[in-house]
Amino acid sequence: MFVDKLTYRVAIANLVAQIVIIVTGGLVRLTGSGLGCSDWPYCEPGQFTPKFHEATSYHPFIEFGNRTLTGVLIIIAVALVVAVYRRDPVKNRPAMKKLSWWPLIGIILQAVIGGMSVIFDLHPAFVGSHMLISLALVAISAYILWRLPRPDSSPLPVIPSAKALAVVLAVDATLLVTMGTVVTGAGPHSGDSDAPYRWAMDTVAVTRIHSLLAWSILAITLFGIFATARERNYEPTPARDKAVTMWQLLFGALLLEGAIGYSQHFLGLPIVLVALHLLGASLITTAATFACCSLFSRTGATDRGTGN
């Protein structure tokens, strides 16, 4: 065994929490609550929580709720570090010890960028960076979850084109989510109705670029399914079976996200669909990370829910 059940569950909780805060952060923006708390790190000058008065709207509570969730993420991230350092057999794995720190470091960085977003009145550069770092934390958390049940041995490619395929998928996925934040930054959901700062861009043009990247990652995924399935037919192994499954899951996530994306576009960006699109971006990031990881096998891995 390379991980105990409790540590593995904490890693799952960490990944889920990273996805949840992306959705709640999106709701802050979609409801125009980005400046619901006018100060940082306090919600109001000299007061940590929202002020109650007759003119109080729901915006401060949505923003404050999202900030409070950051505290939950910190608790989970600290628990992950402690578990990796203290529990057998994980505590004897130097690579996992280093990896376990990244979610906590990222959350602290996110708190600072979130504060900068408020200070600079939701400038799209800060808001977009906030989203991209959240997605990076999802990818890191997914990687930690993948690595925990596996040893720290050198990765071996499952198929001949593993390295090239992983790089192409990672680059395209990064460009896809980056352009997605640009599309949002140029669109109507600025985060606050009184501070509608947006990128001065042609929304149709940037949306088409985003769409083109989505179609390209779909083509890459189809190739990944074909490549892993073909190799599995020649020499079936648990690692190749796992790779086929991961690439199929990525394909399914992309189809669902594409359906939501086109629906929100033609229906005028309703809040519910935009929120689901944010959730879909998180799931695609997770699935893409698993798909890349599945292209490499580590010898001596357990059979516990992994296969390689």
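One can find the structure itself at the top, above this paragraph.
Residues numbered from 1 in each chain as written. Predicted model: local features only at pLDDT ≥ 70, side-chain atom pairs only at ≥ 80, totals over all residues. Heavy atoms only, no water.

J.: Explain the overall build of the protein chain here, please?
T.: Counting secondary structure elements, the protein chain contains eight helices and two strands. In the protein chain, the order of α-helices and β-strands from amino to carboxyl end is α-α-α-α-β-α-α-α-α-β. In the protein chain, which comprises 308 residues, the proportion classed as buried is 48%. Within the protein chain, residue pairs in contact and separated by at least 24 positions form 78% of the contacts whose partners lie at least 6 positions apart. When the accessible surface of the protein chain is totalled, it reaches about 14900 Å², and 70% of it is carbon and sulfur. (Helix = DSSP H or I, 4+ residues; strand = E, 2+ residues; numbered from the N terminus. Buried < 20%, exposed > 50% of the residue type's maximum accessible area, 1.4 Å probe, protein only. Contact = heavy atoms within 4.5 Å. Areas by Shrake-Rupley, 256 points an atom, 1.4 Å probe, with all protein chains shown as cover.)

J.: What is the right way to read the packing of aromatic side chains from this model?
T.: What characterises a pair of aromatic rings is the spacing of the ring centres plus the angle enclosed by the ring planes. As enumerated under the stated definition, the model contains three aromatic pairs in all. Their ring planes at 35 degrees and their centres at 5.6 Å tell us that Trp146 and Phe290 sit as a pair that is tilted. Residue Trp146 is found in helix 4 (residues 124–147), and its partner Phe290 is found in helix 8 (residues 271–294); the two are separated by 144 residues along the sequence. Phe290 carries the same exposure label as Trp146, and that label is buried. With centroids separated by 6.4 Å and ring planes inclined at 20 degrees, the aromatic side chains of Tyr262 and Phe266 adopt a geometry described as stacked. Placement of the pair is Tyr262 and Phe266 together in helix 7 (residues 238–266), with a separation of four residues, close to one helical turn. With a relative accessible area of 37%, Tyr262 lands in the partly exposed category. Its relative accessible area of 66% is what places Phe266 among the exposed residues. (Phe/Tyr/Trp six-rings, centres within 6.5 Å; stacked < 30°, edge-to-face > 60°.)

J.: I'm lost on the nonpolar core in this one. Help?
T.: Across soluble globular proteins, nonpolar side chains have a tendency to be buried as a group. Within the largest apolar cluster, 30 residues are counted, with the highest numbers of intra-cluster contacts made by Ile159, Leu169, Trp247, Leu250 and Leu295. Within the residue set of this core, elements represented by two or more residues are helix 5 (162–186), helix 6 (203–234), helix 7 and helix 8. Counting residues per element, this core draws most heavily on helix 5, which supplies nine residues. When near neighbours in sequence (up to four residues on either side) are disregarded, Leu169 contacts Ile217, Ile220, Trp247, Leu250, Ala288, Ala291 and Cys292. Counting 26 residues, the second-largest nonpolar core is a separate cluster that includes Val10, Leu99, Leu135 and Cys293. (Core = buried A, V, L, I, M, F, W, Y, C linked by side-chain atoms within 4.5 Å.)

J.: Mind showing me how you'd approach a nonpolar patch on the surface here?
T.: A cluster of nonpolar residues, Tyr85, Trp101, Trp102 and Ile105, forms a patch on the protein surface that exposes about 420 Å² of accessible area. Examining the composition of the nonpolar patch, we find that three residues originate from one element, helix 3 (residues 94–119), more than from any other. Relative to the helices and strands, Tyr85 resides in helix 2 (residues 59–86). (Patch = residues over 30% accessible without salt bridge, like charges linked within 9 Å, V, L, I, M, F, W, Y side chains within 5 Å. Salt bridge = Lys/Arg side-chain N within 4 Å of Asp/Glu carboxyl O.)

J.: Even after reading the chapter, I still don't get the packing of helix 1 (residues 5–30) against helix 2, so can you show me in this structure?
T.: Their axes nearest at 9 Å, the elements helix 1 and helix 2 cross at an angle of 160 degrees. Relative to helix 2, the element helix 1 is oriented roughly antiparallel. When you trace helix 1 past helix 2, the crossing you get is left-handed. When the residues that make up the contact of helix 1 with helix 2 are grouped by side-chain class, the tally is 16 nonpolar, seven polar and one charged. (Axes fitted to C-alpha atoms, helices over the stretch in contact; angles between N-to-C directions. Parallel < 35°, antiparallel > 145°, perpendicular 65-115°, else oblique. Left-handed = near helix turned anticlockwise from the far one by under 90°. Nonpolar A, V, L, I, M, F, W, Y, C, P; charged D, E, K, R; others polar.)

J.: Is there a simple way to think about unusual backbone geometry in this case?
T.: Trans is the prevailing form of peptide bonds, just as negative phi is the prevailing case for residues other than glycine. Backbone torsion omega between Asp88 and Pro89 reads -5 degrees, so that peptide bond is classified as cis. Here Pro89 is to be found in the loop between helix 2 and helix 3. Residue Leu269 is not a glycine yet carries a positive backbone phi of 60 degrees. Examined against the element boundaries, Leu269 turns out to sit in the loop between helix 7 and helix 8. Note on Leu269: relative accessible area 30%, which makes it partly exposed.

J.: What is the right way to look at helix 3 in this model?
T.: One full turn of an α-helix is made of 3.6 residues, so residues set three or four places apart face in the same direction. With 26 residues, helix 3 extends 39 Å between its outermost C-alpha atoms, agreeing within 8% with the 38 Å of an ideal straight helix rising 1.5 Å per residue. Just downstream of helix 3 lies Asp121, where phi reads positive at about 55 degrees. (Expected span 1.5 Å × (residues − 1).)

J.: Explanation requested: the pattern of salt bridges in the structure shown.
T.: A side chain of one charge can pair with a side chain of the opposite charge when the charged atoms of the two come close. A full pass over the atoms with the stated rule returns four salt bridges. Between Arg87 and Asp4 there is a salt bridge; the shortest N-O distance is 2.7 Å. Of this pair, Arg87 sits in the loop between helix 2 and helix 3 while Asp4 sits in the segment before helix 1, placing them 83 residues apart in sequence. Under the relative-accessibility criterion, Asp4 is labelled buried at 13%.

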